[in-house]
Amino acid sequence: MVELVAGDITAERVDAIVNAANSSLLGGGGVDGAIHRKGGPEILAACRALRAGHLGKGLRAGQAVATTAGRLPAKWVVHTVGPVWSATEDRSATLRDCYTNSLAVAAGLGARSVSFPLLSSGVYRWPKDDAVAQALVALRDLPPGVDLVRLVLFDQETLEIAERVRAATN
Ligand code: APR
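Read on for a plain summary of the structure. (Residues numbered from 1 in each chain as written. Predicted model: local features only at pLDDT ≥ 70, side-chain atom pairs only at ≥ 80, totals over all residues. Heavy atoms only, no water.)

### Some details on the site of the ligand
Neighbouring the ligand are 21 residues, the closest being N22, V31, D32, S121 and G122. Here an oxygen atom of the ligand sits 2.9 Å away from a polar atom, N or O, in the main chain of S120. Because more than half of its atoms lie within 2 Å of the grid, the ligand is assigned to the largest pocket. Elements that contribute at least two residues to the shell around the ligand include exactly β2 (16-21) and α1 (30-39). The element contributing the most residues to the shell around the ligand is α1, with four residues. When the residues that make up the shell around the ligand are grouped by side-chain class, the tally is nine nonpolar, nine polar and three charged. (Near = heavy atom within 4 Å. Polar contact = N/O pair within 3.5 Å; in protein donor to acceptor, adjacent residues only side chain to side chain. 1 Å grid on protein atoms, 1.4 Å probe; cavity = no way out; pocket = protein on both sides within 12 Å on 5 of 7 lines; lining within 4 Å. Sits in = over half its atoms within 2 Å of the grid points. Helix = DSSP H or I, 4+ residues; strand = E, 2+ residues; numbered from the N terminus. Nonpolar A, V, L, I, M, F, W, Y, C, P; charged D, E, K, R; others polar.)

Following this line, the structure appears as structure tokens:
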């Protein structure tokens, strides 16, 4: 069962936290900014190495890749690129891919606990209620070995939206 909590994902004491990155992997605002600011330069250095290596063109929306978590309590950061909200194109499958691919990358590293932010629901303007609905569908089945998954909402209001969406879907 996915845990719904309000908090700051950089403080999560889990094996892996997921970053709401952009395709450049070179940082940004929101979750991305917080993770790089608090995690320290090691994370960006690892992202740069990925860009110099097999991710020369950056990360496509829906894909996920892991780096060190630097100074953060977590062991790894799994960077994923959410789709930007579109009123005319249904990109929800790509949003669900972010969760399932991030889980697969984390499980592949041996992570047993993973915390997610509400992907695409900030700068990428995805409506929060549907962002939660997509996350809950994608996080219904966990890969073997992952026994704790948390959705970390940034404020009480968003947590209440998430709890309402979960109650309505159960
Ligand atoms: N902890 C948990 N949640 C957070 C935090 C935090 N420290 N900071 C922001 N959030 C919440 C936002 O309120 C929003 O609900 O995370 C959700 C995702 O918001 P963004 O970080 O803006 O991510 P996203 O909408 O996926 O946009 C990604 O923004 O920061 C840039 O480089 C990033 O270009 C990329 C884009």
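### Observations regarding the sheet that holds β2
A sheet is described by the order of its strands in space; here six strands give the open sequence β1-β6-β5-β2-β4-β3, paired in mixed fashion. Each end of this open sheet is capped by a strand with a single partner; those strands are β1 (3-6) and β3 (64-68). Put simply, the sheet's adjacent strands are angled 30° from each other on average, direction ignored. Of the pairings in the sheet, the one linking strand β5 (residues 113-117) to strand β6 (residues 148-153) comprises five bridges and is parallel in character. By the bridge assignment for β6, V114 is matched with V149. (Pairing = 2+ DSSP bridges. Axes fitted to C-alpha atoms, helices over the stretch in contact; angles between N-to-C directions.)

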